[in-house]
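Structural description and commentary
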Amino acid sequence: MKKVLLFLIDSMMPDVLERCIAANKAPGLRFLLEHSQYIPDCVTVFPTMTASIDCSLITGVYPDQHKVPGLVWYDSEQKKIVNYINGAVPVRKLGIAQCATNVLFDLNERHLSKDVKTIHEVLEEHQLVSGSINVIAHRGHKQHKVHMPPLLDAITSFQLRETVSGPTIMSIGTLVRPDIFRPVTWNMAQTVFEGYGINDTYAIDVLIEVIRSGKQPHFTLVYLPENDHKLHASPQNAIQHLADVDKQLVRFLDSFASWEQMLERNVCILISDHGQTVIGEGEEHNISLDALLKGFSIHALGKEVTSEVEVVICNNERMTFLYPVNGTEQAAIVEAVSVDKRIDLIAWKDGEKMIVRRGGSKQELSFWRGAEYSDAYGRSWGMAGDPSVLDVQYDGETLTFDTYPDAFSRLYGAAFAQQGPAVILTAAPGYEFLSECAPTHLGGGSHGSLHKRDSLIPLVIAGAAQSFPLPARLVDVKDFILRELGVISGAHPQ
Ligand SMILES: [Zn+2]
């Protein structure tokens, strides 16, 4: 049986991938594409932020089932903002100890629902070995010791748990090292300056050593983050950034006797987590949430959510959760933000229904699960109001989505990841949200929204026995791999 390798390349976009290959800057990607089923329009999860997407990739479900709503969200029981680390300033405000605990421990052991199983858990329950290299969502049946670097250890005041769970072969930079015979040769990629090994070079180093040591798991998920960081800063150099990723893939391919030999031994899948949208240069491209919500008492980052607070803002770049607290009316927040045309969508729950509006308009569309309309993925929905709000088309048989791919399931997924009220905002193309300490990217790249620019990702499947079911979604990758490894059989359930 072939082994399966899944490379998760942060912010890889289909048009950039195609242009990079056409410009002869990506021999590794070209080789894989030439031997693959290439899907340029796979739909990812909303919000288009890595943390909740990683959870969907390893569990095969949207956030309404796995319960990790986004990168930044409000835990109303603990009365705390959860932040899986979105930049240095908010991390300093919230405290490195809280954020590091959130990302290393809470995400996997507390937030990710125990009602769903990760691909690592399923595989290892079937006596197959699974592996995870540098992925923040990694829950599995084995416990791994965390080696805190002295600097981080001192700052976090030894508050972190000593172990985290994961599959048999697991690496989280230099913090959790894989249990293999060969040590990974030390280089700069493992220093504090390079995120303690949470980078492309170290991830490929680890993968190569795992394979050379004869310990390659049946399935390995490898996360390559650098394309995202570079695109945020300089989207105009997108092709060069992906060419840099290609150099790492070539290093991996070259570790075999031939590139063909790699494909004889492995199914090699490449996927992205989300796209990016270029933000305008002028300050008006940052939508100030403080200004829009000036009539409310807004929670100050790093402070307690006291009884005076009316709104908690959780900014996910081109998407935001606004939480009404202490009896604040959700409707009052909706009205306050509805005046701004730079806001693309405003969505909220009303019982079991979702209601959606566009910024600057009062036209509404509502939808709910389990009624007469069915979408291309076999889900059924009811809807009322103005379908143009979400650019929904109905041909008498199937609901289709263009501007907002898989819009109903994805919006529903984000909104019902939590029980209480939350108003969801997305920014129009070219815009992102501004709030206290949130990282912004004027003239750079950003993501988070439901729009297709942030939501359509390439999926490259090389050397597989079956073809991937279309229309493709990121949440269907888990079952595809389980079928490829013989753990589940039969056709894709439509
Ligand atoms: Zn990003």
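Residues numbered from 1 in each chain as written. Predicted model: local features only at pLDDT ≥ 70, side-chain atom pairs only at ≥ 80, totals over all residues. Heavy atoms only, no water.

The protein chain has the name Alkaline phosphatase family protein in an unreviewed UniProt entry, where Brevibacillus agri is given as its organism.

**Points about the overall build of the protein chain**
A tally of helices and strands in the protein chain yields 17 helices and 24 strands. When the backbone C-alpha atoms are referred to their principal axes, the protein chain occupies close to 65 × 60 × 45 Å. In the protein chain, of all internal contacts separated by at least 6 residues, the share reaching a separation of at least 24 is 68%. Carbon together with sulfur atoms contributes 51% to the accessible area of the protein chain, which is approximately 18900 Å² in total. Measuring between centres, the 43 positive side-chain charges of the protein chain sit 3 Å from its 59 negative side-chain charges. (Helix = DSSP H or I, 4+ residues; strand = E, 2+ residues; numbered from the N terminus. Contact = heavy atoms within 4.5 Å. Areas by Shrake-Rupley, 256 points an atom, 1.4 Å probe, with all protein chains shown as cover. Lys, Arg positive; Asp, Glu negative; His and termini not counted. Charge placed at Lys NZ, Arg CZ, Asp CG, Glu CD.)

**Overview of the environment of leucine 459**
Position of leucine 459 among the secondary structure elements: in strand β24 (residues 456–462). In this structure leucine 459 comes out as buried when scored by relative accessible area, which is 0%. Separated by 190 residues in sequence, leucine 459 and isoleucine 269 place their C-alpha atoms 7.3 Å apart. In this structure leucine 459 touches Gln37, Tyr38, Ile39, Cys42, Ile269, Leu270, Ile271, Phe468, Ala472 and Val477, once residues within four positions along its chain are discounted. (Buried < 20%, exposed > 50% of the residue type's maximum accessible area, 1.4 Å probe, protein only.)

**Remarks on empty space enclosed by the protein**
Taken as a whole and judged by the stated rule, the model has one cavity of 30 Å³ or more. Within this model, the largest cavity holds a volume of roughly 30 Å³. For the largest cavity, the full set of lining residues is Phe321, Lys349, Ala414, Ala415, Gln418, Ala422 and Ile424. Of the residues that constitute the lining of the largest cavity, the class distribution is five nonpolar, one polar and one charged. (1 Å grid on protein atoms, 1.4 Å probe; cavity = no way out; pocket = protein on both sides within 12 Å on 5 of 7 lines; lining within 4 Å. Points joined across faces, edges and corners; volume = space filled by probe spheres on them. Nonpolar A, V, L, I, M, F, W, Y, C, P; charged D, E, K, R; others polar.)

**Quick look at the coordination of the zinc ion**
Here the zinc ion is held by Asp228 (OD), Asp228 (OD), His232 (NE2) and His447 (NE2), and the distances to it run 2.1 to 2.5 Å. Given four donor atoms and angles of 54 to 154° at the metal, the environment of the zinc ion is assigned as irregular. Sequence positions of the donors to the zinc ion reduce to the motif D-x3-H-x214-H. Of the two residues, histidine 232 is situated in helix α10 (residues 226–233) and histidine 447 in the loop between β23 (445–446) and α16 (452–455); the sequence distance between them amounts to 215 residues. Relative accessible area serves as the criterion here: at 12%, histidine 232 is assigned to the buried category. (Donors = N, O, S within 2.8 Å, 3.2 Å for Na, K, Ca; no water. Tetrahedral: all angles 85-135°; square planar, octahedral: opposite > 155°, others 65-115°.)

**Focus on the domain arrangement of the protein chain**
Splitting the protein chain by domain gives domain 1 (3–68 + 112–276 + 452–484) and domain 2 (283–446). Opposite the 22 residues of domain 1 that make contact, domain 2 presents 27 residues. Here domain 1 meets domain 2 over a buried area of about 2000 Å², counting both sides, of which 59% is carbon and sulfur. Connecting domain 1 to domain 2 are four salt bridges. With a closest N to O distance of 3.7 Å, arginine 369 and aspartate 64 form a salt bridge. Linking domain 1 with domain 2 are nine residue pairs in polar contact (both at pLDDT 80 or more). Residue assignment for the side of domain 1 that touches domain 2 shows that the elements contributing at least two residues are α4 (63–66), α10 and α16. (Domains from an automatic or database assignment. Buried area = accessible area lost by both parts, 1.4 Å probe. Salt bridge = Lys/Arg side-chain N within 4 Å of Asp/Glu carboxyl O. Polar contact = N/O pair within 3.5 Å; in protein donor to acceptor, adjacent residues only side chain to side chain.)

**As for the sheet that holds strand β10 (residues 266–271)**
Sheet architecture is open: seven strands sit in the order β2-β24-β10-β1-β9-β5-β8, paired in mixed fashion. The open sheet is flanked by β2 (36–43) and β8 (169–171), the only strands paired with a single partner. Sheet twist, expressed as the average angle between the axes of neighbouring strands with direction ignored, equals 15°. Bridging between strand β5 (residues 130–133) and β8 involves three bridges; their strand directions are parallel. Residue pairing across strands places isoleucine 133 opposite serine 171, the latter belonging to β8. (Pairing = 2+ DSSP bridges. Axes fitted to C-alpha atoms, helices over the stretch in contact; angles between N-to-C directions.)

**Some thoughts on unusual backbone geometry**
One can expect most non-glycine residues to show negative phi and most peptide bonds to be in trans. Cis rather than trans, the peptide bond between phenylalanine 46 and proline 47 has omega equal to -5°. Inspection of the secondary structure assignment puts proline 47 in the loop between β2 and α3 (50–59). Residue proline 471 follows leucine 470 across a cis peptide bond; omega there is -5°. Relative to the helices and strands, proline 471 resides in the loop between β24 and α17 (477–484). Of note, the phi angle at serine 11 is positive, near 65°, even though the residue is not glycine. Within the secondary structure, serine 11 sits in the loop between β1 (3–9) and α1 (14–22). What makes serine 11 buried here is its relative accessible area of 1%.

**Points about the side chain of asparagine 199**
With respect to the secondary-structure elements, asparagine 199 resides in the loop between β8 and α9 (200–212). Polar side-chain contacts of asparagine 199 include one of 3.3 Å to the backbone nitrogen of threonine 201.

**Some thoughts on α9**
Across its 13 residues, α9 extends 18 Å between first and last C-alpha, which sits within 8% of the 18 Å expected from 1.5 Å per residue. The element α9 is largely enclosed, with a buried count of 11 among its 13 residues. Among all positions of α9, only Asp200, Tyr202, Ala203, Ile204, Asp205, Val206, Leu207, Ile208, Glu209, Val210 and Ile211 are buried. Looking at where α9 begins, the residue whose side-chain oxygen comes 3.3 Å from the main-chain nitrogen of threonine 201 is asparagine 199. (Expected span 1.5 Å × (residues − 1).)

**With respect to the layout of surface pockets**
The computed volume of the second largest pocket comes to approximately 570 Å³. What lines the second largest pocket is a set of 20 residues, and nearest its centre among them are Trp73, Asp75, Glu77, Gln418 and Gln419. Contributions of two or more residues to the lining of the second largest pocket are made by β3 (72–75), α6 (96–111) and β14 (319–324). The leading source of residues in the lining of the second largest pocket is β3, at three residues. Residue classes in the lining of the second largest pocket are distributed as nine nonpolar, seven polar and four charged.

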